[in-house]
Amino acid sequence: MPKHVTAHQLIRYAVGYVFIASAIMKLVISDFTGAFSSFGIPYPELIVLLVGLTELICGGLILFNYYVRQAAIPLFIIMVAAFFLTKAPILESGFFQFLFEARLDIVMLILLFILWKK
């Protein structure tokens, strides 16, 4: 009889996938330092590396069900920072544009909260 996948497992798989994919892009594509620099972040090369490694490690921990609560915390912090740096300024373009652009950020924050709370 096959084992059923729980909602919590699906959340872990989705969150792990998003952060691992994001980490790989940050660690492989050199253009990400330009994006970080444009937001006025000091030492963008170092910050991209730290954020990418954090996303890779914590995303992997969540994916493989190790220290899920602890791994969700730094990812939540990264998402809040990304939200304020990249999505909050869009509010000037209009509320519905903001809602559209921030949809993944908001969903990821909710899913990380669910993982942390469990």
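Our subject is the structure listed above.
Residues numbered from 1 in each chain as written. Predicted model: local features only at pLDDT ≥ 70, side-chain atom pairs only at ≥ 80, totals over all residues. Heavy atoms only, no water.

S.K.: Can you explain the pattern of salt bridges? Please cite residues and give values.
M.R.: Scanning the entire structure with this criterion turns up 2 salt bridges. The salt bridge involving glutamate 55 is made with lysine 26; its shortest N-O contact spans 3.2 Å. Of this pair, glutamate 55 sits in helix α3 (residues 44-63) while lysine 26 sits in helix α1 (residues 7-28); the two residues are 29 residues apart in sequence, bridging distant segments of the chain. Here glutamate 55 and lysine 26 have matching classes, each one buried. For lysine 87, the salt bridge is made with aspartate 105, and the minimal N-O distance between the two is 3.5 Å. A residue pair is termed long-range when its members are at least 10 positions apart, and lysine 87 in helix α4 (residues 68-87) and aspartate 105 in helix α6 (residues 103-117) qualify at 18 residues. Assessed through its relative accessible area of 15%, lysine 87 is described here as buried. (Salt bridge = Lys/Arg side-chain N within 4 Å of Asp/Glu carboxyl O. Helix = DSSP H or I, 4+ residues; strand = E, 2+ residues; numbered from the N terminus. Buried < 20%, exposed > 50% of the residue type's maximum accessible area, 1.4 Å probe, protein only.)

S.K.: Any chance you could break down the environment of glutamine 97 for me, citing the residues and the numbers?
M.R.: Tracing the sequence through the fold places glutamine 97 in helix α5 (residues 95-101). When the C-alpha atoms of glutamine 97 and lysine 87 are compared, they prove to be 9.8 Å apart, with 10 residues separating the residues in sequence.

S.K.: Pulling in residues and values, what's your account of the nonpolar core?
M.R.: One finds Val15, Phe19, Ile62, Leu75 and Leu112 to be the most contacted residues of the largest nonpolar core, which totals 20 residues. Elements represented by at least two residues in this core include exactly α1, α3, α4 and α6. Take this core: its biggest share by element is 6 residues, from α4. Not counting residues up to four positions away in its chain, the partners in contact with leucine 75 are Phe19, Thr54, Glu55, Cys58, Gly59, Ile62 and Leu112. (Core = buried A, V, L, I, M, F, W, Y, C linked by side-chain atoms within 4.5 Å. Contact = heavy atoms within 4.5 Å.)

S.K.: Account for α6, with residues named and values stated.
M.R.: Relative to the 21 Å expected for 15 residues at 1.5 Å per residue, α6 spans 21 Å between its end C-alpha atoms, a close match to the ideal helical length. On its buried face, α6 sits against α1, α3, α4 and α5. (Expected span 1.5 Å × (residues − 1).)

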